[in-house]
Every structure is written in C-alpha cells, then in structure tokens.
Amino acid sequence: MNPRNTLAALLAAGLTAATLTAPAYAAYPDRPIKIVVPYVAGGSSDVIARAISDELGAVLGQSVVVENRAGAGSMIGTGYVANEAPDGYTLLIADVPFTIVPALYRERVKYDVQKDFAPIALLGVAPTYLFVNPSFPVKTAPELVKAAKARPGTISIGSGGNGALTHLMAELFMINTGSQLVHVPYKGAGAAVNDLAAGQIQTSFTTMASASALYQAKRLRPIAVSSPQRHKDTPDVPTFEEAGIPNMTVESWWGLVAPAGVNKQVLDTLSQAMTKVMQATRVKARMSAVGVSAPADTSPRALENLVKVDLARWKDVVQRANIKLE
C-alpha cells in the first residue's frame, strides 16, 4: 500500500501523528507495582504501606505488593529503590530518617535523597510530644527549661536511640532553649517510654502512638506538642510556639517516592491515584490507628518542600550537637 494511503487510513481511524510516536506509558501499569518499606514488618511505615497498597491497586487496576527490605537504619531499602529502574514499578515509603540518615552517615550513604528520588505524595504526618513523668514537679515546657538551667546536666531525657528522631528532637530542644539535659538512649521508643513511666528518666520526646497506653493510664504527662496547632486528640496540650519556644514545629511524616527519572506521565498517574487513595475512609482509619493524620496537602510539591526543609534542619542539628555515630 502507498505510504500516503496508509497514513490517510490511520488518520481516518482517529489516530494522530502524536499517537503514533507516543511511548507506551499510556499502558501503565501493566504489571504489579512494588512498594518497598526500608524496615521490618509491623512498624508505622509498614502499616501505612499496607494501608495504601490495596486501595492503590484498586484505583490503578493492578496489584500492588509490599516488600520489607530492612537494615542499616533504612539505608538498605532506600538504596535498593534508588538503583531500581525508573519505570514506576518500584516505589519507596520514605519517612523522617530519609532526611536524618544523610546527616548522620555522610560517608556511608550511597544515594542523594533530592537527586535520586522523585516525590509522588505526602501520605501522613504525626507530631511528637514532650512527656514527663507525672511525679516530676514540672507542669510546662518553660518550667522544664527553667529547671534544666538551674541544675544543668541533672535532668534526664530519653530517646528511642542515638540518631533517632526523638534524640534529635531533644537536641533541638536544648539548642533552642539553651538548656542542658542528659540524653539517655534506648533501643526503641517503647523502652524509653516504659522507663519514663517507671520514673527511671524524667522526660522524653515520643509520638502518641508509642505512648498512648501509658498516657491513657495517666502514667505519662504531655507538656508540649510539636504540631503547628494543638492536636485534636490532646486539646489541652499547648504547642511549643504557644509555650514560647520557637523552631520546634516538627512533625514525623511519611511519603511515597520513586527513583528519579520516572516519566512525568507515570508520575502524574501515580500522584492522581494517590489523591484518591488518601481520601478513602479505610485508609484514613488504618493510619489513624497508628497516630498518623492525613496532611492538608498531599501533593508531590508538599513532600518535596518538606524533604528540603528537614534535610537542612537535621544537618544543622547534627553538626551543632556534634552527633557522631559509628
């Protein structure tokens, strides 16, 4: 057939030159998608990944599986995704360590969180609380600062471990208030809050998800929350801004990212699908069960901006507090 006749026939069938030359991204996804969680199963990131996977699969019409690749403080799973093909079939649940690890392990991190990943959606946020033991004679954050300055190095503050968010929040608190507390690292947030309730330490930062049972039993007293506004579940707990302590508006967060280089059409498909996923009642319920709230803005830009701010924040805290981890 004459080439001109062939083109004419195609155009008559409703096809255009753009259609003829367009890549096959329109078929995405045509096989299962994998969401990598860089931690063991059971934690908040794992819960969130499994909360969104079924719903995302339903929206896209393709199965979405969750794979746990734990180790090296999230570096193994994160590095794995950074090196995967940028085709939209391997995604990563990123959270606060995504921005803390590069500051702590500068020589060991083999990826650049800003250059090697593309944001898809901000999934959830959760504030941290500053708790004290109820027997500790401090009722507010300013009172804690006053007591710490009066007796430098005598009041203990626990954390979930060296380099954990709860540790860096303690360092940020000391930097912003000019106070000196004694940091006591534990192997996990649960151990820290248990010792706080038992009176072995006097104060600690942690999320309500980690402290909920002890808080409900009145064995812990929250004196400040790191959210921009008071949290709906604890309306009597003031924010740090209200308490007169600046630069403490910091929240835990979870996001979905892909390897850099994924085609914009695929990223848009994923982002639009996640907008629908995050509106699902059962997704909100499962996230709420681990103390995570849906952010006002779930867009890729919101996640990108948050990562940028946190990278700078934690790099500054690690340097100023002279935190060194092996």
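Residues numbered from 1 in each chain as written. Predicted model: local features only at pLDDT ≥ 70, side-chain atom pairs only at ≥ 80, totals over all residues. Heavy atoms only, no water.

With that settled, consider the environment of I323. Examined against the element boundaries, I323 turns out to sit in the segment after α12 (300–320). Given a relative accessible area of 11%, I323 falls into the buried group. Non-local contacts of I323, meaning those with residues more than four positions away in its chain, are made with L104, H167, L168, E171 and V318. (Helix = DSSP H or I, 4+ residues; strand = E, 2+ residues; numbered from the N terminus. Buried < 20%, exposed > 50% of the residue type's maximum accessible area, 1.4 Å probe, protein only. Contact = heavy atoms within 4.5 Å.)

Okay, the layout of surface pockets next. Approximately 270 Å³ is the volume found for the second largest pocket. In this structure, the second largest pocket is lined by 16 residues; those nearest its centre are L122, V125, E251, W253 and L306. Listed by contribution, the elements that provide at least two residues to the lining of the second largest pocket are β4 (117–132), β9 (251–259) and α12. Tallying contributions element by element places α12 first for the lining of the second largest pocket, with five residues. Each residue belonging to the lining of the second largest pocket can be placed in one class, and the counts come to ten nonpolar, two polar and four charged. (1 Å grid on protein atoms, 1.4 Å probe; cavity = no way out; pocket = protein on both sides within 12 Å on 5 of 7 lines; lining within 4 Å. Points joined across faces, edges and corners; volume = space filled by probe spheres on them. Nonpolar A, V, L, I, M, F, W, Y, C, P; charged D, E, K, R; others polar.)

Our next topic: the environment of P119. Within the fold, P119 resides in strand β4. Residue classification places P119 among the partly exposed positions, given a relative accessible area of 24%. For the pair formed by P119 and E67, sequence separation is 52 residues and the distance between their alpha carbons is 19 Å. With residues near it in sequence (within four places) discarded, P119 still touches L256, V257, P300, L303 and E304.

Attention now goes to the nonpolar core. Core analysis: the largest hydrophobic core is formed by 57 residues, its most contacted members being F173, F205, W253 and W314. With residues near it in sequence (within four places) discarded, F173 still touches L130, A141, L144, V145, S179, L181, F205, F240, I245 and M248. In terms of nonpolar packing, the next biggest core, distinct from the first, is built from 34 residues, L91, A126, L267 and M274 among them. (Core = buried A, V, L, I, M, F, W, Y, C linked by side-chain atoms within 4.5 Å.)

Next up on the list: the side chain of H231. Structurally, H231 is set in the loop between β8 (221–225) and β9. Its relative accessible area of 15% is what places H231 among the buried residues. Polar contacts involving the side chain of H231 include one to the main-chain amide nitrogen of D233, which spans 3.1 Å. Here H231 is in contact with P127, Y129 and S293, once residues within four sequence places are set aside. (Polar contact = N/O pair within 3.5 Å; in protein donor to acceptor, adjacent residues only side chain to side chain.)

With that settled, consider unusual backbone geometry. Look at the link from Y28 to P29: it is a cis peptide, with omega at -5 degrees. Tracing the chain through its elements places P29 in the loop between α2 (17–21) and β1 (33–37). Of note, the phi angle at N247 is positive, near 60 degrees, even though the residue is not glycine. Along the chain, the position of N247 falls in the loop between β8 and β9. Given a relative accessible area of 52%, N247 falls into the exposed group. Of note, the phi angle at N322 is positive, near 55 degrees, even though the residue is not glycine. Along the polypeptide, N322 turns up in the segment after α12.

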